[in-house]
Amino acid sequence: MIYIYAFIGCCISSHAAVVFERLERAEDFVSLPSRCQNCQQPISWFDLIPIISFVLLRGRCSNCHAQIPGALFMTELCGGLIGTLFYILELPITTQLGYGTLLFFVGIAALQDRRQQEFDLNLLLAPLAVGMVRLFTNPPDQIILLFGTVTALALGWLVFKKQLGVGDLLVYFIMGLVTDFPVANRVLLLASVIVIATNIPLLVKPTTKRAQRVAFIPALFHGLVLHLIIRAIIISV
Ligand SMILES: [Zn+2]
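All chains use their own residue numbering, which begins from 1 and follows the written sequence. Confidence filtering applies because this is a predicted model: local features only for residues at pLDDT of at least 70, side-chain atom pairs given and counted only at 80 or more, and all residues used for totals across whole chains, interfaces and linings.

Some details on the overall build of the protein
And step 1. Runs of H or I in DSSP of at least four residues are treated as helices and runs of E of at least two as strands, each being numbered from the N terminus. Across its full length, the protein holds 10 helices and 0 strands.
And step 2. Its helices and strands taken in sequence order, the protein reads α-α-α-α-α-α-α-α-α-α from the N to the C terminus.
And step 3. Relative to the 2.2 N^0.38 estimate, which gives 18 Å for 237 residues, the radius of gyration of the protein is 19 Å and therefore close to what a compact globule would have.
And step 4. Based on the C-alpha atoms only, the size of the protein along its principal axes is roughly 55 × 50 × 35 Å.
And step 5. Exposure classes come from backbone-placed C-beta atoms, where a residue is buried if 20 or more other C-beta atoms lie within 10 Å of its own, exposed if 12 or fewer do, and partly exposed in between. Put simply, the protein has 237 residues, and 29% of those count as buried. Each radius of gyration is computed over the set of C-alpha atoms, and the globule rule expresses the reference value as 2.2 Å times the number of residues to the power 0.38.

This is the structure:
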């Protein structure tokens, strides 16, 4: 069963990578079959099996032998890890759907944010819908909602001061609605640690140039995955 979870995770993340690439090129990502970016030949189904096809083809197109980006392999691997975590944590099916939708769309937003320092806000519509359904069917405690609102207001102040993008705030708030605000706050903390840890060279040796905006959505995405890993470790030991 764990392999099925891991495999489904790989397939979904592989699809997320395809959606990301096609959004970049403004292509249809619903009906268009998968094509090699080099020779434009359609890719057969047995060359589309996540991880396995990549390893068997040694990361190259079966037709023109052009290199397939290693990032695709890493994305599939990450999806496999998330699927495995879902299995270990024994999450209820509704929670799996909520977390899955959140990770799928925030994952694509993270890839966009990393590449161009901004992302398509439409990507947040589906997780927002899930969050709204959860808010009305399974309302959080008043105190937790208050806590989340206070944090969101504090982040809103940073947005106002242009220290943080509005997208970062929206992702935090939607994450709180879909998961829970204590979870979202922990993820925010982990994301901040990730940003600091990955920017230590900048802290040690500050450049005189205008401070570059740090892409925060990837950190939030990795923070959420890290949160799931920590919970899985706690359950396992
Ligand atoms: Zn090719």
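Quick notes on helix α8 (residues 181-198)
And step 1. Taking 1.5 Å of rise per residue, the 18 residues of α8 would be expected to cover 26 Å, and the 25 Å separating its terminal C-alpha atoms lies within 8% of that figure.
And step 2. Taken together, the buried positions of α8 are occupied by F181, A184, V187, L188 and A191. Angular distribution of buried residues about the axis of α8 spans 110°; they occupy a single face of the element. In α8, the exposed positions angled more than 90 degrees off the buried face are occupied by L189 and A197.
And step 3. A residue pair is marked as a contact if its C-beta atoms, positioned from the backbone, fall within 7 Å. For α8, the elements touching its buried residues are α6 (142-160), α7 (166-178) and α10 (217-236). Given the number of residues in a helix, its expected span is that number minus one, multiplied by 1.5 Å. As used here, the arc is the angular range of directions from the helix axis to the C-beta atoms.

Thoughts on the packing of α8 against α10
And step 1. Interhelical geometry of α8 versus α10 gives an angle of 120° and a closest axis separation of 8 Å. For the pair α8 and α10, the sense of crossing is right-handed. Contacts from V183, R186, V187, L190, A191, I194 and V195 of α8 reach α10 at A219, L220, H222, G223, L224, L226 and H227. Angles here are taken between N-to-C directions and fall from 0 to 180 degrees, while the axes themselves are lines fitted to C-alpha atoms, restricted in helices to the stretch in contact. Should the near helix be turned counterclockwise from the far one by less than a right angle, the crossing is left-handed, whereas a clockwise turn marks it as right-handed.

Some points on the domain arrangement of the protein
And step 1. The start and end points of each domain follow an automatic or database-based domain assignment. As far as domains go, the protein holds domain 1 (1-90) and domain 2 (118-237).
And step 2. Relative to domain 2, the C-alpha centre of domain 1 lies at a distance of 26 Å.
And step 3. Taken together, the 5 residues of domain 1 in the interface contact 8 residues of domain 2.
And step 4. Only Asp, Glu, Lys and Arg are considered charged in this grouping, and only Ala, Val, Leu, Ile, Met, Phe, Trp, Tyr, Cys and Pro are considered nonpolar; every other residue, Gly among them, is considered polar. Here the side of domain 1 that touches domain 2 is built from residues that sort into 5 nonpolar, no polar and no charged.

Quick word on unusual backbone geometry
And step 1. For A26, which is not glycine, the phi dihedral falls at a positive 55°.
And step 2. Checked against the element boundaries, A26 lands in the loop between α1 (2-24) and α2 (52-56).
And step 3. A positive phi is found at Q40, a non-glycine position, where the angle reads about 65°.
And step 4. Inspection of the secondary structure assignment puts Q40 in the loop between α1 and α2.
And step 5. For Q40, a count of 9 C-beta atoms within 10 Å corresponds to the exposed category.

So, the UniProt feature "transmembrane region" (unreviewed entry) in the protein
And step 1. UniProt positions are given in the numbering used here, feature names are shortened, and annotations may be inferred rather than shown by experiment. What UniProt calls "transmembrane region" (unreviewed entry) maps, in this numbering, to residues 71-89, 95-112, 143-160, 187-204 and 216-235.
And step 2. Strand forms 0% of residues 71-89 and helix 100%; the C-alpha atoms that close the span are 27 Å apart.

As for the environment of S13
And step 1. Tracing the backbone through its elements, the reader meets S13 in helix α1.
And step 2. The class for S13 is buried, based on 25 C-beta atoms found within 10 Å.
And step 3. Sequence separation of S13 and T75 is 62 residues, and the distance between their C-alpha atoms is 6.1 Å.
And step 4. With residues up to four places along the chain from it excluded, the contact list for S13 reads T75, E76, C78 and G79.

Re the confidence of the model for the protein
Interpreting fine coordinate detail is not advised for predicted regions of low pLDDT.
And step 1. Scored from 0 to 100, pLDDT reflects the predictor's confidence in each residue. Averaged over every residue, the pLDDT of the protein is 88; the share at 70 or more is 97%.
And step 2. Mean pLDDT across the secondary structure elements of the protein bottoms out at helix α9 (residues 200-204), with 74, and peaks at α10, with 95.

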